[in-house]
Each structure stands twice: as C-alpha cells, then as structure tokens.
Amino acid sequence: MAISKELYPSEDDLLYEEELLRNPFSLKLWWRYLVAKREAPFKKRFVIYERALKALPGSYKLWHAYLIERLSIVKNLPITHPEYETLNNTFERALVTMHKMPRIWIMYLETLTSQKFITKARRTFDRALCALPVTQHDRIWEIYLRFVEQEGIPIETSLRVYRRYLKYDPSHIEDFIEFLVKSKLWQEAAERLASVLNDDQFYSIKGKTKHRLWLELCDLLTTHATEISGLNVDAIIRGGIRKFTDEVGRLWTSLADYYIRRELFEKARDIFEEGMMTVVTVRDFSVIFDSYSQFEEIMVSAKMAKPDLSVEEEEDDEEHGSAEDEDIRLDVNLSMAEFVKKVLNGFWLHDVKDVDLRLARLEHLMNRRPELANSVLLRQNPHNVEQWHRRVKIFEGNPTKQILTYTEAVRTVDPMKAVGKPHTLWVAFAKLYETYKDIANARVIFDKAVQVNYKTVDHLASIWCEWAEMELRHKNFKGALELMRRATAEPSVEVRRRVAADGNEPVQMKLHKSLRLWTFYVDLEESLGNLESTRAVYERILDLRIATPQIIINYALLLEEHKYFEDAFRVYERGVKIFKYPHVKDIWVTYLSKFVKRYGKTKLERARELFENAVETAPADAVKPLYLQYAKLEEDYGLAKRAMKVYDQATKAVPNHEKLGMYEIYIARAAEIFGVPKTREIYEQAIESGLPDKDVKAMCLKYAELEKSLGEIDRARGIYVFASQFADPRSDTEFWNRWHEFEVNHGNEDTFREMLRIKRSVSASYSQCDFLLLSGRLPFGIETHFILPEYLMQKDQRLSIDDAKDKLKQAGVHEDEMAALERQLAPAANNGNAKDSSRKVGFVSAGVESQTDGGIKTTANHEDIELPDESDSEEEEKVEIAQKDVPSAVYGGLARKREGSEEDGDNSADANGKDGSGSNNLRDDHVTVLFVGGKRQSFAGALGNERKARSTAMFARR
C-alpha cells in the first residue's frame with residue numbers, strides 16, 4: 001500500500017529529522033518535534049508518535065500523550081467504531097512496558113467500561129490488580145466497584161467482586177450491605193448486618209451508630225420476615241431491647257410485626273402484652289399500645305371483610321364431617337392446609353365466625369389502657385404514692401381489685417423512699433373496709449399501720465388520729481380515748497435502751513412528743529372527759545415543752561369557762577414566759593383584755609404592771625395595739641393624765657411609719673378629754689419629733705387648720721411658712737393651693753406677696769439643689785432650703801444668716817438674688833436703738849418700717865398704721881369690741897364632767913391656766929426656720945408675737 005505524500009516530512013521538518021538521525025534516542029528531540037507539529041493532522045502526528053515509541057518504548061510521557069490524543073479522537077464516536085479497536089490495541093501495546101503505571105491502567109479500564117465489554121473489562125481489572133502493587137489497588141477498586149454496580153452486570157459477578165474487595169478492605173462492608181439491600185438479597189444482607197453488630201471493634205466509616213444499625217437490622221428482619229431464615233430474630237431484637245433503652249417501644253413493635261408477617265398472630269399478641277408490661281416510659285407504651293390496637297382493628301376489619309363459605313364448601317364440610325369413622329391421618333392425599341383444617345374443625349378457638357371474640361378482645365384492650373398506663377408510671381417509681389391512689393380509683397366499683405391493689409401498694413412502697421405521704425395508703429385501705437362495714441379488718445389495718453417505721457413522726461400521728469376518728473364515727477368513745485392514751489404514752493426505759501443498742505431509732509420513739517397527737521387528744525378530753533383529765537393533758541403538754549400559743553390560749557379559756565380565773569391568768573403568765581415575739585403577741589393581747597375585763601379598776605396597779613411588762617418586751621412594730629389598750633385602761637379606770645402619758649410614750653415607741661397615726665390618735669383623745677388648746681403642745685411635739693417630711697407637712701396643715709378655726713390667723717400663717725420648706729411647688733400643689741386659699745380669705749396684699757415670694761424662693765432652692773446634685777457639685781449630705789423673710793429672722797438664732805450663707809457658698813450654692821436684695825435693705829441689728837431692739841416681729845408687716853436716726857434709713861410704707869402710745873390710748877374714744885363665746889370643744893369632756901364640783905372647777909381653771917401660760921410662752925418665743933445641712937432648728941416661736949397680732953387685729957377691725 002502506497003504511503004500518502006502528506007505523511008512524508010516537509011522542508012520544515014528536515015531540521016528535526018536531521019537531529020533525530022544523529023540522536024534517535026533523545027526524548028527531548030522527539031518532544032520538540034511533536035510540539036512543533038501540534039497543528040499537523042493526527043495521521044502525521046501518529047507516524048511521529050509511532051517512530052518515537054519504537055525508539056523509546058519505555059517513555060511514559062510519550063505513551064500518555066499518545067493515548068490522550070487517541071482518546072480525544074474517539075470521544076465523539078460511537079462505541080462500535082473501528083477506532084475503538086485500534087485504541088484498545090494501542091493500550092495493550094502500551095501496557096507491555098507501562099504495566100506498572102496505574103494511570104495507564106485507569107485510562108484503559110474506563111475506556112473498556114464505556115465500551116460495555118463486561119468480560120474483557122473484568123479480566124482487565126484482574127490483570128491490573130495483579131500487575132500493580134497493593135498500595136495502588138485502591139485506585140483500581142474504586143473504578144471496579146463502579147463497574148460492577150452498573151445495570152446489566154450479573155449479580156453473581158458483582159457479589160464475587162464485592163467479596164474480593166472486602167478481603168482487601170473490610171471497613172467498606174456498609175457499601176456491600178447497601179448493595180445487597182439494593183439487589184434485594186435480604187438473607188445475606190441480614191447476615192452481614194448481624195455480623196457487623198456482633199463485632200465490638202467495628203467502626204462505621206459513614207458515621208452510623210450501633211443504635212442506627214440495630215434499627216436497620218430490625219426493619220430488615222421484620223419487613224422481610226418470610227425471606228430471611230437462619231437467624232434468631234427474636235434473640236436479636238431482644239438483645240437490642242436490652243442494649244438500647246431509648247427505642248424500646250419501636251423494637252417491641254418490630255418484633256411483633258415480625259410474627260405478624262409470619263402469620264403467628266397469637267405470638268404477636270404475646271409480644272405486645274410483654275412489651276406493655278415491661279416498658280418504663282409513657283412514650284414507649286404509647287407506641288406499643290397504638291400498634292397493638294391498630295393490629296386488633298385490622299384483624300377485625302379483615303375478618304368482617306372476608307366472605308362466608310360458599311354452599312358447596314359447607315356441603316363438602318358436612319360430607320367430610322359425616323365420615324367420623326375415617327381416620328384422616330391415614331389419608332396421604334390431603335394437603336397440609338386441608339389436614340390442619342380437618343384436625344381443628346369443631347374447636348371454638350378455630351371457629352371461623354369469631355368476629356364477636358375479636359371485637360370483645362379489642363374492647364377489653366381499650367378498657368385496660370388506664371391500668372396499663374398507670375403500671376408504666378409505677379414501674380418508673382414504685383414508691384410514688386399518688387400513682388397508687390390513682391390505680392385504686394381505676395378499679396372503683398371492684399372492691400376485690402382495690403383490696404389487692406392496696407395490699408400490693410403497702411407491701412411495695414418504702415416509707416423512706418416514698419414520693420408523697422405513704423401513711424395515706426394505710427388510711428385509705430382502712431377506710432375501704434370501713435366503707436363496706438368491716439370495722440374489724442379496718443382495725444387490723446390500722447394496727448399494722450402504726451407499726452411501720454415512717455419517715456416523719458407526723459405521718460405516724462396521722463395514722464393514730466385517723467384510727468381514733470374512725471372509732472368516734474362508730475360511737476366507740478372509750479376506745480378513742482384509750483387509743484390516744486396508748487399513742488401518747490412515753491416509751492419505757494427498757495425499750496429506749498434496746499432501741500439505743502440497735503442504733504436506728506424508729507419514729508415510734510418520738511411519737512409521745514407529737515403536737516398533732518396531743519392536740520387531738522386534748523380535744524377529745526374536752527369533749528368526752530372531765531376538767532381534771534383535760535387539765536392533766538394540758539399540763540403534760542406544757543411539761544413536754546411542745547405547747548403553742550394557741551394551746552396556751554385554749555387552756556386559759558377552758559379554765560375561764562369553769563370559773564378558774566386565777567389559774568387561767570397563771571397559764572397566761574407561763575405562756576408569756578415561754579414564748580417570744582412575734583408568737584407571744586396573741587397571748588399578751590388576750591391576757592390583757594381578759595384581765596381588764598375581769599378586774600377593771602379593782603386591780604388597777606396590777607394591770608398597769610402587766611401593761612408595762614408587755615410594752616417593754618414588745619418590739620416597735622408590735623407595740624401600738626398594746627399602748628392603745630393601755631391608754632384605754634387609763635381612760636376608763638385610771639387618770640386622764642396617765643392616759644396622756646401613755647399616748648406620749650406610744651408616740652416615741654412606735655416605728656416612724658406609724659408615728660403620724662399615733663399622733664392623730666393622741667391629738668383626738670387630748671382634744672376630747674382636755675380640750676382643743678391642749679393639742680397645741682402635741683402638735684408642736686409631733687412636728688419636732690423627727691417625723692418624715694411628708695408627715696411633718698401633714699401635721700402642720702392640721703395644726704394650721706386648728707389655729708384658723710380658733711381665730712389665730714397669724715399663728716396659722718406662721719405654721720404655713722414653716723411647712724412651706726417641705727413642699728416643692730413643682731410636685732406638691734395641694735399645699736400651695738391651701739395656703740393660697742388661706743391668704744385669699746384671711747390675708748392682705750402684702751401677706752399674699754410674701755407667700756408668692758416664699759414660693760419662688762422654695763422653687764428656686766429645689767431647682768438649684770437638683771441641678772447641683774445631678775452635676776455632682778453639691779457634697780453628699782448637704783441639704784439647702786429657702787431663706788425665710790426678714791421679719792422671721794431673729795438675731796439670737798443658733799446659726800446666723802452670714803454663717804449659713806458662707807456654708808452654702810462653700811458647698812457651691814450661689815446666693816439667691818431676692819435674698820441678696822433683702823440683705824441690702826435689712827437694718828443693721830447692732831446699730832438699732834432700744835426701741836428697735838425691743839421690737840418683736842410677730843406679724844406680717846405691710847412694708848419695711850423706717851428706722852431711727854441711729855439706724856439705716858430705708859423706705860417706709862406710708863400706708864402703715866401707726867400704733868398710738870399708751871397715754872394717747874386712754875384719751876381716745878372707747879371702742880366697743882364684739883364678744884364671742886368660746887366653743888365648748890375648747891374645754892374638752894373632762895371639764896364638763898367636773899363642772900358640778902367647785903374643787904373640780906378649780907382644777908379645771910388650773911388646767912386652763914396652764915394651757916394659757918403654755919400658749920403665751922409659745923407666743924413669746926422666737927422663730928428660727930433656717931435649714932442648713934439637713935438640720936431643723938427649733939419650731940418654738942414660729943407663731944409670732946401674740947401681743948402685736950392682737951393690736952393689729954384691733955386696728956384692722958376699726
């Protein structure tokens with residue numbers, strides 16, 4: 001055959017050809033030649049490749065490039081094209097020298113796989129595995145397994161290949177199992193999976209746990225129960241149940257499903273029953289019960305859907321049934337199904353028409369669900385008392401079942417481990433017998449119950465009390481008392497010694513100190529016994545030191561009912577010595593009320609001693625009712641002055657949050673007994689007693705209302721001025737509204753302006769303090785308030801104005817502009833004359849009075865009323881002043897009681913004189929209401945000078 005001219009070397013190739021002639025074994029020259037001819041047709045490059053490989057048959061680079069180009073040519077050709085055969089031959093020639101190169105083998109095997117040459121490919125795979133070292137087999141096996149998993153490969157071939165692969169790498173057995181399942185080879189898949197689970201050293205490369213593999217095996221065994229043999233399915237699944245407790249319900253259901261698929265229905269029912277009786281979680285129980293009920297429903301539905309036997313079959317059965325003398329065991333022509341049918345014919349369990357039986361079985365299963373669910377909860381904790389009670393309620397109406405349940409409960413529950421109150425099981429057990437009028441057995445149950453070692457004494461005491469209550473319900477009063485005596489009897493010394501030797505003291509040794517038992521016993525004695533026996537029980541309780549305040553009160557009331565008053569009071573005395581606050585509070589209150597009710601004023605000193613002891617031992621938060629009771633005693637049977645003294649002590653003893661209420665009571669009682677003027681002292685004491693600011697403000701408002709009702713307008717205004725420092729105009733509008741209303745009704749233009757000026761000063765002071773506190777410029781603990789008007793400032797005050805201003809400036813508080821202006825206009829106190837020095841500012845001035853020559857002259861109010869001298873007043877025309885009767889409330893109820901007696905009248909006059917002197921003393925005092933550093937100065941003198949106030953009022957009326 002002639003060679004085409006295109007295959008001959010061209011003029012451009014002569015250079016490469018000459019070099020190759022000189023050195024034909026140079027791979028570099030051949031490669032340069034191929035690179036230079038990369039655009040040439042493949043046939044020409046094919047000649048070059050063949051010449052190069054003939055010279056260098058062991059060059060991997062040349063073979064690989066040659067085969068790659070060969071593969072690119074057949075890429076788009078059908079597998080039946082002749083080029084594939086040429087390619088295969090090329091691969092075979094390459095493998096002669098390249099048989100150790102896995103890449104060449106892989107390229108060849110992939111080509112054969114795509115050509116669907118099964119046998120040739122399988123043999124080539126075997127040749128590759130034989131030629132290559134073991135370390136490179138994994139590259140071949142990967143392609144080999146893909147090849148055998150293709151459709152059309154015989155199953156036996158694939159099995160053999162996989163088995164060979166598992167010998168090479170046993171860790172990939174999961175892939176083999178998946179292949180077996182995919183190929184529907186259930187038997188071998190189950191065997192392989194079981195062997196994996198039995199291998200403790202197995203490690204899943206796919207991350208599957210033993211639990212998941214168990215579930216896969218169970219699903220495989222149950223789903224294909226009839227196709228898998230040779231494995232003990234029951235043992236396998238039961239092993240999984242013991243090992244994997246979180247899927248117990250599913251495994252039991254799988255085991256039952258296995259027997260159902262093998263048509264062993266009774267065995268499946270046994271499995272369901274066993275599963276429900278062994279699981280310990282409600283979730284597993286629900287899974288099993290739902291599967292069981294669904295199985296029974298399917299069985300009933302299938303039976304009802306099955307048609308009846310035909311007439312021919314019935315006649316045939318009758319014919320066979322008539323031949324009773326024939327032995328069917330000798331009939332060799334019968335099939336197995338016919339043999340079983342004939343043998344079981346006539347048995348009721350094998351009755352074809354058993355629909356009613358199946359329905360009854362399903363109904364019985366549904367009715368048992370509460371009992372079975374309760375059994376599951378009891379298996380979780382057999383010492384759960386509440387679940388035992390619920391189990392008894394399930395069998396309501398069936399006393400036999402209830403008695404068996406109680407018997408099992410009291411035998412199972414350990415009192416030391418019980419959740420709940422185990423004694424209630426014994427009580428309910430005994431009450432069950434009592435319900436059915438079996439008192440003898442109920443007593444037997446109680447007798448056994450009191451011998452059980454409970455966790456606490458209270459449980460045992462409850463048993464004794466229930467036993468006694470049962471005896472009372474059946475009118476056995478002597479038996480109930482005897483039971484209580486028996487229960488409260490103290491153990492003997494010998495018994496104590498024996499128990500101490502054992503080292504484990506039962507609760508029966510502590511029963512004689514049970515308060516519940518003694519309380520029930522004393523109630524029985526009060527109802528059924530006599531006074532002596534009841535007192536003996538109470539005394540025994542006190543001796544055992546288990547008494548409560550209520551028992552003390554009950555004992556004393558019992559003695560009081562039987563007219564043993566002194567004995568009752570002695571019991572109270574013992575009670576207040578035994579208990580401390582707050583437990584003794586009720587005893588004191590009852591004791592004092594009973595004593596006062598009994599003796600009244602006959603034993604007043606003794607009652608006073610009792611009250612003094614009570615208030616001395618009582619804490620501050622419990623002393624108020626005792627003081628009120630004490631004061632009531634003094635009001636009813638003692639002296640009014642002592643009552644006031646008691647109220648005064650109460651205001652100092654009660655806590656701060658109760659002081660306001662106590663002062664209100666004090667004021668109300670003082671006004672009723674001694675009259676309204678007496679309350680002024682109390683108001684002033686309350687204001688200076690250290691009440692909280694809001695309570696001081698409330699007290700000042702009430703005080704101002706009092707003074708206003710008595711016509712003391714200037715005193716009321718002074719109180720308003722004093723209280724204004726506690727009222728922030730931004731938040732406390734009620735106070736300023738009331739002052740505003742007061743000035744509108746009783747003041748003038750100047751007093752109203754003064755009120756507005758004070759309001760501005762207070763508002764500015766509060767705003768400035770808030771700003772300084774927020775900015776951190778005001779030191780902690782420094783509290784600033786407004787400066788009162790000049791006419792209230794006295795030179796003999798404890799803290800001078802200048803000192804106060806200096807301290808405020810040191811604290812960073814700037815002086816108010818209004819206050820600075822007042823200081824410029826104020827007269828110099830040191831340069832005033834005698835008249836000015838004796839001048840007392842107790843009323844609201846209409847302006848700044850002009851001073852004498854010795855002082856600083858300032859602008860004066862020309863509209864001010866000049867007071868005449870005393871000499872001039874005599875020459876003036878006498879002015880009649882209207883008189884007004886003093887209200888009777890001013891004198892109080894105590895004066896009204898004594899107005900019949902002259903001695904009493906003198907005493908009343910003395911009292912009024914004292915009040916008047918006290919009032920005058922108050923009026924003569926000076927006012928100092930400057931607050932610096934949070935310290936309040938004296939409230940005395942805040943009411944002004946009464947003398948000038950009266951003169952001002954007189955001229956105002958003119």
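Bear in mind the structure is a predicted one, so any value in this text is a computation, not a measurement. (Residues numbered from 1 in each chain as written. Predicted model: local features only at pLDDT ≥ 70, side-chain atom pairs only at ≥ 80, totals over all residues. Heavy atoms only, no water.)

**Considering the overall build of the chain**
Part 1 of the argument: Tallying secondary structure elements over the chain gives 48 helices and zero strands in all.
Part 2 of the argument: When each of the 958 residues of the chain is scored for burial, the buried share is 42%.
Part 3 of the argument: When the accessible surface of the chain is totalled, it reaches about 54900 Å², and 52% of it is carbon and sulfur. (Helix = DSSP H or I, 4+ residues; strand = E, 2+ residues; numbered from the N terminus. Buried < 20%, exposed > 50% of the residue type's maximum accessible area, 1.4 Å probe, protein only. Areas by Shrake-Rupley, 256 points an atom, 1.4 Å probe, with all protein chains shown as cover.)

**As for helix α33 (residues 604–617)**
Part 1 of the argument: Between its first and last C-alpha atoms α33 spans 20 Å; for 14 residues at 1.5 Å apiece the expected length is 20 Å, and the two agree.
Part 2 of the argument: Listed as buried for α33 are Leu-604, Ala-607, Arg-608, Leu-610, Phe-611, Ala-614 and Val-615. Buried residues in α33, looked at end-on, bunch into an arc of 160 degrees, giving them a common side. In this structure, α33 carries Glu-605, Glu-609, Glu-616 and Thr-617 as exposed residues pointing more than 90 degrees from its buried face.
Part 3 of the argument: Looking at the buried residues of α33, the elements they touch are α31 (565–578), α32 (585–599), α34 (624–637) and α35 (640–653). (Expected span 1.5 Å × (residues − 1). Arc of directions from axis to C-beta. Contact = heavy atoms within 4.5 Å.)

**So, the packing of aromatic side chains**
Part 1 of the argument: Scanning all chains against the criterion turns up 41 aromatic pairs.
Part 2 of the argument: Consider the rings of Phe-429 and Tyr-433, whose centres lie 5.5 Å apart with planes at 35 degrees: the pair is tilted. With Phe-429 and Tyr-433 both in helix α23 (residues 423–435) and four residues apart, this pair spans about one turn of that helix.
Part 3 of the argument: Using a relative accessible area of 17% as the deciding quantity, one classes Tyr-433 as buried.
Part 4 of the argument: Directly above the aromatic system of Trp-31 lies the positively charged group of Lys-61, at a separation of 4.5 Å from the ring centroid. (Phe/Tyr/Trp six-rings, centres within 6.5 Å; stacked < 30°, edge-to-face > 60°. Lys NZ or Arg CZ within 6 Å of the ring centre and 35° of its normal.)

**As for helix α9 (residues 155–168)**
Part 1 of the argument: The first and last C-alpha atoms of α9 sit 20 Å apart over 14 residues, in line with the 20 Å expected at 1.5 Å per residue.
Part 2 of the argument: For α9, the full list of buried residues reads Thr-157, Ser-158, Leu-159, Val-161, Tyr-162, Tyr-165 and Leu-166.

**Side note on the nonpolar core**
Part 1 of the argument: By size, the foremost hydrophobic cluster in this structure holds 136 residues, and its most contacted members are Trp-464, Trp-588 and Trp-739.
Part 2 of the argument: With nine residues, helix α25 (residues 457–473) is the largest single contributor of residues to this core.
Part 3 of the argument: Apart from the residues lying within four places of it in its own chain, the contact partners of Trp-739 are Tyr-720, Val-721, Ser-724, Met-755 and Ile-758.
Part 4 of the argument: Counting 97 residues, the second largest nonpolar core, distinct from the first, contains Ala-55, Leu-67, Ile-143 and Ile-288. (Core = buried A, V, L, I, M, F, W, Y, C linked by side-chain atoms within 4.5 Å.)

**Regarding the environment of Leu-706**
Part 1 of the argument: Looking at the secondary structure, you find Leu-706 in helix α38 (residues 693–709).
Part 2 of the argument: Take Leu-706: its relative accessible area is 13%, and that puts it in the buried class.
Part 3 of the argument: Each C-alpha atom of the pair Leu-706 and Arg-680 lies 8.8 Å from the other, and the pair is 26 residues apart in sequence.
Part 4 of the argument: Residue contacts for Leu-706: discarding those within four places in its chain leaves Val-676, Thr-679 and Tyr-683.

**Describing the side chain of Thr-679**
Part 1 of the argument: Among the structural elements, Thr-679 can be located in helix α37 (residues 678–687).
Part 2 of the argument: Looking at Thr-679, the relative accessible area reads 2%, which means it is buried.
Part 3 of the argument: Not counting the four nearest positions on each side in its chain, Thr-679 is found in contact with Ile-667, Ala-670, Ala-671 and Leu-706.

**A look at the side chain of Arg-238**
Part 1 of the argument: Inspection of the secondary structure assignment puts Arg-238 in helix α13 (residues 233–243).
Part 2 of the argument: Taking the relative accessible area as the measure of exposure, Arg-238 reaches 18% and is therefore buried.
Part 3 of the argument: A polar side-chain atom of Arg-238 sits 2.8 Å from a polar atom in the side chain of Glu-274.
Part 4 of the argument: With sequence-adjacent residues up to four places away left out, Arg-238 is seen in contact with Trp-252, Leu-255, Ile-271 and Glu-274. (Polar contact = N/O pair within 3.5 Å; in protein donor to acceptor, adjacent residues only side chain to side chain.)

**As for the packing of helix α11 (residues 186–198) against helix α12 (residues 210–223)**
Part 1 of the argument: Close contact between α11 and α12 brings their axes to 10 Å; oriented N to C, the two are set at 155 degrees. The angle between the axes of α11 and α12 places the two elements in the roughly antiparallel class. Crossing geometry of α11 relative to α12 is assigned as left-handed. Contacts between α11 and α12 involve Trp-186, Ala-189, Ala-190, Leu-193, Ala-194, Val-196 and Leu-197 on the former and, on the latter, Lys-210, Leu-213, Trp-214, Glu-216, Leu-217, Leu-220 and Leu-221.
Part 2 of the argument: Across the contact of α11 with α12, the residue classes tally to twelve nonpolar, no polar and two charged. (Axes fitted to C-alpha atoms, helices over the stretch in contact; angles between N-to-C directions. Parallel < 35°, antiparallel > 145°, perpendicular 65-115°, else oblique. Left-handed = near helix turned anticlockwise from the far one by under 90°. Nonpolar A, V, L, I, M, F, W, Y, C, P; charged D, E, K, R; others polar.)

**Quick word on unusual backbone geometry**
Part 1 of the argument: In this structure, Pro-582 follows Tyr-581 across a cis peptide bond, with omega equal to 5 degrees.
Part 2 of the argument: Examined against the element boundaries, Pro-582 turns out to sit in the loop between α31 and α32.
Part 3 of the argument: Notably, Lys-184 is not glycine yet its phi reads approximately 65 degrees, a positive angle.
Part 4 of the argument: Overall, the relative accessible area of 60% leaves Lys-184 in the exposed class.

**What about the confidence of the model for the chain?**
Part 1 of the argument: On average, residues of the chain score 75 in pLDDT, and 74% of them reach the 70 mark or higher.
Part 2 of the argument: Across residues 309–315, confidence stays below pLDDT 50; counting only partners more than four residues off in sequence or on other chains, it has two contacts.
Part 3 of the argument: Throughout residues 900–938 the model reports pLDDT below 50, and contacts reaching past four residues in sequence, or to other chains, amount to 69 contacts. (pLDDT = per-residue confidence, 0-100.)

**Regarding the packing of helix α3 (residues 42–55) against helix α4 (residues 60–73)**
Part 1 of the argument: With their axes 10 Å apart at the nearest point, α3 and α4 run at an angle of 155 degrees to one another. In terms of orientation, α3 lies roughly antiparallel with respect to α4. When the axes of α3 and α4 are compared, the crossing they make is left-handed. Together, Phe-42, Arg-45, Phe-46, Tyr-49, Glu-50, Ala-52 and Leu-53 of α3 and Leu-62, Trp-63, Ala-65, Tyr-66, Glu-69, Arg-70 and Ile-73 of α4 make up the contact between the two elements.
Part 2 of the argument: Among the residues forming the contact of α3 with α4, the class breakdown is ten nonpolar, no polar and four charged.

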